[in-house]
Amino acid sequence: MQGSFARISDTLEAMTERPTRCFLLAHQGPQDREADIGEHLDELGELTRACGMEPVGREHLRRAVIDARTFYGKGQIETVAGEARRLEAVLLLCDDELSGSQVRNIEKTTGMTCLDRTGLILAIFEQRAQSREAKAQVELARYEYELPRLKGAWTHLERQGGGVGLRGGPGETQIEVDRRMTRLRISQLKKELQHLERVRETQRQGRAPGIPRISLVGYTNAGKTSLLRALTGEGEPQDMLFATLDTTTRKAWLGWDEGAIEPRHVLVSDTVGFIRKLPHQLVAAFRSTLSEVRTADALLVVADAASPELEDQLKVVGATLHDIGCKDQPRLLILNQVDRLPRPRRLDLKRQHPAAALTCALTKEGLDDVRGWLMELIPGPPKPRELEAWELHETSEKPD
Ligand SMILES: Nc1nc2c(ncn2[C@@H]2O[C@H](COP(=O)(O)OP(=O)(O)OP(=O)(O)O)[C@@H](O)[C@H]2O)c(=O)[nH]1
Ligand SMILES: [Mg+2]
């Protein structure tokens, strides 16, 4: 069975004592805009750096039809591989999701290691996972990703053994063993995660009953952890894609209730970020972490207002929330990082998203709007008022 990519990359780095150099590729169909593909490759470059590697070149491969064997055109790949080798790249990273056999055919054609976008995101998650739960979730996603790819790894042996349908050939035996081992591990991991989800549910119920729970969600690197820090004083923001994998929940003070009866609080949870084409294996495996989002009383949807991809990122977040089963919770859009915007752009954004709060997590600008929204959302204790005469229950009967 194939080892994890994170280990391949570590080995390469150990051998060369410098970050693994890679060349980025993306397919551009007749309907795709040049600029969009360019932005997708920018993001792939960020993902590459997040994995500790260095992108040294990139290419859009224009093609109307996908080649079933190599995804891109064979001639295109050979040309790109020549350029990549000239730049001393050892890895080809493809922004498109490829099948196992397409990856192997590209590797055979070019003599270089090839990795698709899903494989890269899995490798980043593998590097980041800290808690037992995150590790189990990532391992499950890895096996789910590998399972359909196992077959292709051994088809050449099947063919040597006499063609499709042959039983008991050397390749087939190995496939059967690999598949059985993978399925066994998948079912063990699912059981372990079900147990961890029950533990999480019990913890959730035991956590400060009666205090509303709010989740910070949004595109990766938008500033969710920074906002957790700004609201609660805790959390370690980092300029890095997928810095946060584990859920952290902290209490945030919102303000005093009218009449200063008691302070109002919410529990705020920070969790894993979303991204375009977030591998469905990861979404499924992170079910238990994402249950925090699904069961929250309200969502703070955080976006990087200064990103040129803002609107696309918002669409990705909307679709991902829908996929994980978030439909009816109240949501506040937080356009964060407005300190990086010129004033006219801020006004434009306010016009485009009139209900949104514009914030800077670093200076805490705009956080009063967020707290105000949360205060309105959450019903507080009944306000004190003068009782009217008819409510005083004065009895006409005099005690003896
Ligand atoms: N200028 C500016 N930078 C910000 C702001 N909010 C966050 N950042 C920076 O953006 C980077 C990412 O912030 P995080 O809070 O870690 O982002 P995140 O959404 O939690 O990211 P992941 O956990 O990786 O998904 C960090 O370098 C922050 O310092 C802001 O309002 N203004
Ligand atoms: Mg974070």
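Residues numbered from 1 in each chain as written. Chains lettered and ligands numbered in written order. Predicted model: local features only at pLDDT ≥ 70, side-chain atom pairs only at ≥ 80, totals over all residues. Heavy atoms only, no water.

Peer 1: What is the right way to read the packing of aromatic side chains from this model?
Peer 2: Here the distance between the centres and the angle between the planes together describe a pair of aromatic rings. Applying the stated criterion to the full structure yields three aromatic pairs. Judged by centre distance (5.0 Å) and plane angle (75°), the rings of Phe 71 and Tyr 72 are edge-to-face. There is no split in this pair, since Phe 71 and Tyr 72 are both buried. Between Phe 125 and Phe 286, the ring centres sit 5.5 Å apart and the planes meet at 85°, which makes this aromatic pair edge-to-face. (Phe/Tyr/Trp six-rings, centres within 6.5 Å; stacked < 30°, edge-to-face > 60°. Buried < 20%, exposed > 50% of the residue type's maximum accessible area, 1.4 Å probe, protein only.)

Peer 1: So what exactly am I meant to see when it comes to the coordination of the magnesium ion (ligand 2) here?
Peer 2: All of the protein donors around the magnesium ion (ligand 2) are Thr 225 (OG1) and Thr 244 (OG1); their distances to the metal are 2.1 Å. A residue pair is termed long-range when its members are at least 10 positions apart, and Thr 225 in helix H8 (residues 224-232) and Thr 244 in the loop between H8 and strand S6 (248-256) qualify at 19 residues. Residue Thr 225 is classed as buried on the basis of its relative accessible area of 11%. Using a relative accessible area of 17% as the deciding quantity, one classes Thr 244 as buried. (Donors = N, O, S within 2.8 Å, 3.2 Å for Na, K, Ca; no water. Helix = DSSP H or I, 4+ residues; strand = E, 2+ residues; numbered from the N terminus.)

Peer 1: What is the right way to look at the site of ligand 1 in this model?
Peer 2: The local shell around ligand 1 holds 23 residues, among which Lys 224, Thr 225, Ser 226, Ala 243 and Asp 339 are the closest. Within the side chain of Lys 224, a nitrogen or oxygen atom sits 2.7 Å from an oxygen atom of ligand 1. Contact distances for ligand 1 include 2.9 Å between an oxygen atom and a backbone N or O atom of Met 240. Surface burial for ligand 1 is 89%, taken as the share of its 650 Å² of free accessible area covered by protein chains. (Near = heavy atom within 4 Å. Polar contact = N/O pair within 3.5 Å; in protein donor to acceptor, adjacent residues only side chain to side chain. Areas by Shrake-Rupley, 256 points an atom, 1.4 Å probe, with all protein chains shown as cover.)

Peer 1: Looking at this model, I keep getting lost on the side chain of Glu 133. Mind explaining?
Peer 2: With respect to the element layout, Glu 133 can be found in helix H6 (residues 132-160). Taking the relative accessible area as the measure of exposure, Glu 133 reaches 11% and is therefore buried. When near neighbours in sequence (up to four residues on either side) are disregarded, Glu 133 contacts Leu 193, Leu 196, Arg 200, Ser 288 and Thr 289. (Contact = heavy atoms within 4.5 Å.)

Peer 1: Can you help me understand the sheet that holds strand S2 (residues 54-62) in this one?
Peer 2: Within a sheet, each strand pairs with its neighbour through backbone hydrogen bonds, oriented either parallel or antiparallel. Reading across the sheet, the four strands line up as S2-S1-S3-S4 and stay open at both edges, with parallel pairing between neighbours. Each edge of the open sheet is held by one strand with a lone partner, namely S2 and strand S4 (113-116). Sheet twist, expressed as the average angle between the axes of neighbouring strands with direction ignored, equals 25°. Running over the sheet, helix H5 (residues 117-128) touches strand S3 (91-94) and S4 and is turned about 85° from S4. (Pairing = 2+ DSSP bridges. Axes fitted to C-alpha atoms, helices over the stretch in contact; angles between N-to-C directions.)

Peer 1: So what exactly am I meant to see when it comes to empty space enclosed by the protein here?
Peer 2: One pass over the structure, following the stated rule, counts two cavities of 30 Å³ or more. Space inside the largest cavity adds up to approximately 40 Å³. Around the largest cavity, the lining residues are Phe 125, Val 272, Gly 273, Phe 274, Leu 278, Leu 282, Val 283, Phe 286 and Leu 290. Looking at the lining of the largest cavity residue by residue, the classes come out as eight nonpolar, one polar and no charged. (1 Å grid on protein atoms, 1.4 Å probe; cavity = no way out; pocket = protein on both sides within 12 Å on 5 of 7 lines; lining within 4 Å. Points joined across faces, edges and corners; volume = space filled by probe spheres on them. Nonpolar A, V, L, I, M, F, W, Y, C, P; charged D, E, K, R; others polar.)

Peer 1: Help me out: how do you make sense of the sheet that holds strand S8 (residues 298-304) in this one?
Peer 2: What the six strands build is an open sheet, ordered S6-S7-S5-S8-S9-S10; its pairing is mixed. The open sheet has two free edges, formed respectively by S6 and strand S10 (357-358), since each of these has just one partner strand. Direction of pairing for S6 relative to strand S7 (residues 263-270): antiparallel, over a ladder of eight bridges. Across the sheet, residue Gly 255 finds its bridge partner in S7, namely Arg 264.

Peer 1: Teacher, can you tell me more about the side chain of Arg 213 here?
Peer 2: Within the secondary structure layout, Arg 213 lies in strand S5 (residues 213-218). At 3.3 Å, the side chain of Arg 213 and the side chain of Glu 292 are in polar contact. Within polar-contact distance, the side chain of Arg 213 engages the backbone oxygen of Thr 295 at 2.7 Å. Apart from residues lying up to four places away in sequence, Arg 213 is in contact with Arg 204, Arg 207, Leu 267, Glu 292, Thr 295, Ala 296, Asp 297 and Ala 298.

Peer 1: How do you make sense of helix H13 (residues 367-377) when you look at a structure like this?
Peer 2: Since the α-helix packs 3.6 residues into each turn, any two residues three or four apart lie on the same face. By the burial criterion, the buried members of H13 are Leu 367, Val 370, Arg 371 and Leu 374. All buried residues of H13 project into a common sector of 95° when viewed along the axis, lining one side. Those residues of H13 that are exposed and angled more than 90 degrees off the buried face are Asp 368, Asp 369 and Glu 376. (Arc of directions from axis to C-beta.)

Peer 1: Looking at this structure, I do not really get the layout of surface pockets. What am I missing?
Peer 2: In this approach a probe as big as a water molecule rolls over the atoms, and the regions it shows empty are the leftover space. Its boundaries defined by the atoms lining it, the largest pocket holds a volume of some 810 Å³. For the lining of the largest pocket, the secondary structure elements donating two or more residues are helix H2 (34-50) and H8. Considering each element in turn, the lining of the largest pocket owes the most residues, four residues, to H2. Here the lining of the largest pocket is built from residues that sort into 13 nonpolar, twelve polar and eleven charged. Taken together, domain 1 (5-125) and domain 3 (210-377) each give at least three residues to the lining of the largest pocket, which thus spans both. (Domains from an automatic or database assignment.)

Peer 1: Would you mind going over the pairing of S8 with me for this structure?
Peer 2: Each regular strand displays side chains that alternate between the two surfaces of the sheet. In terms of residue burial, S8 counts as a mostly covered element, since seven of its seven residues are buried. Here S8 shows two buried faces, one formed by Ala 298, Leu 300, Val 302 and Asp 304 and the other by Leu 299, Val 301 and Ala 303. Of the strand pairs in this sheet, S5 and S8 are connected by five bridges, and their pairing is parallel. Residue pairing across strands places Gly 218 opposite Val 302, the latter belonging to S8. Bridge count for S8 against strand S9 (residues 331-336) is six bridges, and the pairing is parallel. Paired with Leu 299 across the two strands is Arg 331, which belongs to S9.

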